[in-house]
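Working through the structure, step by step
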Amino acid sequence: MIDRLPGATSRRTFVAGAVAAVAAGATSTMGMSLYRNRHEVPASYGLTVAMRSATGPWRQTRELVHAADLERVIPGTRVLAGPQQEELLATQEAWLDGLDLPDHVAGTPRDLVRRAALDLWVLSAGLPMAVAGWSPMWRHARPRDTAHVAVALHRLGDAKGATRQLAALASRVGRAGRMQARYALDGGTPDDRPPQDDGFGWALWAAGSTVDSWRGTADEASIDALVRHCATTALTRLGSDGLPLPSPDYWELEERQLTLGTAAPLLAGLEHAALLTTGGLRERCAAAALRPDHRVHSTFGMRGWPRRVSGGASDTAIAWLLPPYRVGPPREAELRAALDEAARQMARPNGGYAPGGDWRRDGVAWTPETAVLAGARATADDTRGRAVETLDWLGRHRSRGRPPSWSRPPPIWDAETTRPREEP
């Protein structure tokens, strides 16, 4: 019997705040990751991806489309005009018809959620795992992206899709002692970047948030094994002080000290593991989650909730200590005040947000981080209006020429949470 899981809340209170773009992932969240030098690869502005074939090798089923060629994409779809367009359109619409799309949120574009759902479809349908994007550097599966995509599909009512993502992640992780930064769709890893321990937390959070999708399916045993392995391994990645050991996080920089981007997902993941597992492992996870929560407050919290434990500017990771990643976290008011301060530091003149307060001052806003902040704001009554404003900003800036991986899941769960509440 599973008790009520953090994140497994009602449709009117849920918000996965995000990813990814999330999901956008991608936090990636959700396409949010950069390797070693976060400025070494120019952003792929003006590109989108569309389906061109329903058959053949997976690399040939889609195509990157430049902004100047967007007329090749059938309006309102992620399908290229061509010989197979009717079959692809039928497949796309059949998938959309089977979803439980959230109602329109007043003050945001009417097609915001539909567009986010289409981004999910074009970057996951028929693939071994969802990818962060279609450019070669993004055409891989990141655990944090996979987690956010699985939760988004679950919230949309695509239980099979959510289960497929977690089962695929389980097959890649196996019994490995570390979680890789990326997994190639054909197997193995695409490069030698170091493992990232936040992946264990993301996998546990996703498994707990989607339990109603995968329990009782043919993939239950493999996902249960993933949960037990991630929980057991996450416990070994805690130091004697109860805090996680240093590891690269979604910034994908080599870290000599602990970041909140590692601590927050692992804390949320252990809370889920305490409800998903049984026996001694369950007790160990519950005890381990309580200790890091106290230590995170007494270290990061005492220094103003910076990105790194030694101090400095804040970043997006403060949102991962709040709902929908956790339910009723201790000292929530303090965390929400820290979220406001992080948002102030990360704000960009165009209305969006950068990944962190010390990100370079180039005026560029990142849609995944912006969506994650909207998600966290959407879970509190007094900031729900600001969440709607941020969702509207996302809708106006997620043009057809933007890389869809940068903003896919969060608008879906943000829309669920920002709908007007019914009186009890």
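If you're wondering where the values come from, they're calculated on a predicted model, not measured in any experiment.

Moving on: the overall build of the protein chain. In terms of regular secondary structure, the protein chain is built from 13 helices and 5 strands. The buried share among the 424 residues of the protein chain stands at 62%.

For any two helices packed against each other, one specifies the crossing angle of their axes together with the interaxial distance. The interhelical angle for the contact between helix H7 (residues 220-236) and helix H8 (residues 260-276), taken along N-to-C directions, is 130 degrees, at an axis separation of 10 Å. Compared by their axis directions, H7 and H8 come out oblique. The handedness of the crossing between H7 and H8 is left-handed. Where H7 abuts H8, its residues Val227, Ala231, Ala234 and Leu235 lie against Leu266, Leu270, Ala273 and Leu276. Classifying every residue of the contact of H7 with H8 by side-chain character gives 8 nonpolar, no polar and no charged.

To continue, consider the confidence of the model for the protein chain. For the protein chain, mean pLDDT is 86; residues scoring 70 or higher make up 83% of the total. Ignoring residues within four places in sequence, the model shows residues 1-43, a span with pLDDT below 50, making 215 contacts including any to other chains. This model gives residues 399-407 a pLDDT under 50, and the stretch forms 46 contacts once residues within four places in sequence are excluded.

What follows is about helix H1 (residues 85-97). Spanning 13 residues, H1 covers 18 Å between terminal C-alpha atoms, matching the ideal 18 Å at 1.5 Å per step. Three or more residues of H1 are buried, namely Leu88, Leu89, Gln92, Trp95 and Leu96. Projected down its long axis, H1 carries its buried residues within an arc of 130 degrees, all on one side. Counted as exposed and oriented over 90 degrees from the buried face of H1: Glu86, Ala94 and Asp97. Along its buried surface, H1 packs onto strand E4 (47-51), helix H2 (112-122) and helix H3 (143-155).

Closest axis-to-axis distance for the H3/helix H5 (residues 198-209) pair is 8 Å, and the angle between their directions is 10 degrees. Here H3 lies roughly parallel to H5, going by the angle between them. Residues Pro143, Arg144, Ala147, His148, Val151 and His154 of H3 touch H5, and the partners they reach there are Asp198, Gly199, Trp202, Trp205, Ala206 and Ser209.

A few words on the environment of Leu322. Along the chain, Leu322 turns up in the loop between helix H9 (279-299) and helix H10 (332-346). A sequence separation of 17 residues divides Leu322 from Leu339, and the C-alpha atoms of the two residues are 9.2 Å apart. If near-sequence neighbours (up to four positions away) are discounted, Leu322 is found in contact with Pro329, Glu332, Leu335, Arg336, Leu339 and Ala376.

Its location among the elements puts Arg193 in the loop between helix H4 (159-173) and H5. Within the structure, Arg193 has its side chain in polar contact with the side chain of Asp191 (distance 2.9 Å). A polar side-chain atom of Arg193 sits 2.5 Å from a polar atom in the side chain of Glu252.

Turning our eyes to something else, we now look at the nonpolar core. In a soluble, globular protein the nonpolar side chains are often hidden away together inside. Membership of the largest hydrophobic core comes to 98 residues, with the highest contact counts inside it found for Leu260, Trp305, Ile318 and Leu321. It is H8 that contributes the most residues to this core, 10 residues altogether. Apart from the residues within four sequence positions on either side, Leu260 is in contact with Pro265, Val296, Phe300, Trp305, Pro306, Arg307, Ala317, Ile318 and Leu321.

The next point concerns the environment of Gly98. Its place among the elements puts Gly98 in the loop between H1 and H2. Sequence spacing of Gly98 and Gly157 is 59 residues, and the spatial spacing of their C-alpha atoms is 7.7 Å.

Another aspect to go through is the packing of aromatic side chains. Tallied over the full model, the rule gives 9 aromatic pairs. Where Trp202 meets Trp205, the ring centres are 5.7 Å apart and the plane angle is 75 degrees; that geometry is what we call edge-to-face. Note that Trp202 and Trp205 are positioned in helix H5 at a spacing of 3 residues, about one turn of the helix. Trp205 carries the same exposure label as Trp202, and that label is buried. Arranged with centres 5.6 Å apart and planes meeting at 70 degrees, the rings of Trp202 and Tyr325 form a pair that is edge-to-face. Residue Trp202 is found in helix H5, and its partner Tyr325 is found in the loop between H9 and H10; the two are separated by 123 residues along the sequence. A connected cluster of aromatic rings, assembled from ring pairs, spans Trp202, Trp205, Tyr250, Trp251, Trp320, Tyr325, Trp359 and Trp366. When the ring centre of Trp251 is taken as origin, the NZ or CZ atom of Arg307, which lies over that ring, is 4.1 Å away.

Criteria and thresholds
Think of each chain on its own: its residues are numbered from 1, step by step along the sequence as written. Only residues with pLDDT of at least 70 get local features here, since the model is predicted, and only at 80 or more are side-chain atom pairs given and counted; chain-wide, interface and lining totals rely on the full set of residues. Side-chain measures were taken over the full set of non-hydrogen atoms in the model, leaving aside hydrogen atoms and water. A run of DSSP states H or I qualifies as a helix once it reaches four residues; a run of E qualifies as a strand once it reaches two. Both are numbered from the N-terminal end. Partly exposed describes any residue whose relative accessible area lies between the buried limit of under 20% and the exposed limit of over 50%, with all areas from a 1.4 Å probe on protein chains only and scaled to the type maximum. Between the N-to-C directions of two axes lies an angle of 0 to 180 degrees, each axis being a line fitted to C-alpha atoms and, for a helix, fitted only over the stretch in contact. Angle categories are assigned with fixed cut-offs, so that under 35 degrees is roughly parallel, over 145 is roughly antiparallel, 65 to 115 is roughly perpendicular, and the rest are oblique. Here a crossing is called left-handed whenever its near helix is offset anticlockwise from the far helix by less than a right angle, and right-handed whenever the offset is clockwise. Only heavy atoms enter the contact rule, under which two residues are in contact if any of them lie within 4.5 Å. Residue type decides the class: Asp, Glu, Lys and Arg count as charged, Ala, Val, Leu, Ile, Met, Phe, Trp, Tyr, Cys and Pro as nonpolar, and the leftover types, Gly among them, as polar. Scored from 0 to 100, pLDDT records how confident the predictor is in each individual residue. Expected span of a helix, by definition, is 1.5 Å for each gap between consecutive residues, and there is one gap fewer than residues. This arc describes the spread of directions from the helix axis toward the C-beta atoms. Residues adjacent in sequence count toward polar contacts only when both atoms are side-chain atoms; beyond that, a polar contact is any pair of N or O atoms within 3.5 Å, and within protein one must be able to donate a hydrogen and the other to accept it. In this text, buried Ala, Val, Leu, Ile, Met, Phe, Trp, Tyr and Cys residues form a nonpolar core when linked through side-chain atoms within 4.5 Å. Ring pairs shown here join Phe, Tyr and Trp side chains whose ring centres sit within 6.5 Å, with only the six-membered ring taken for Trp; geometry is labelled stacked below 30 degrees between planes, edge-to-face above 60, and tilted in between. In this scheme, the term charge over a ring applies when either NZ of a lysine or CZ of an arginine sits within 6 Å of the ring centre and within 35 degrees of the ring normal.

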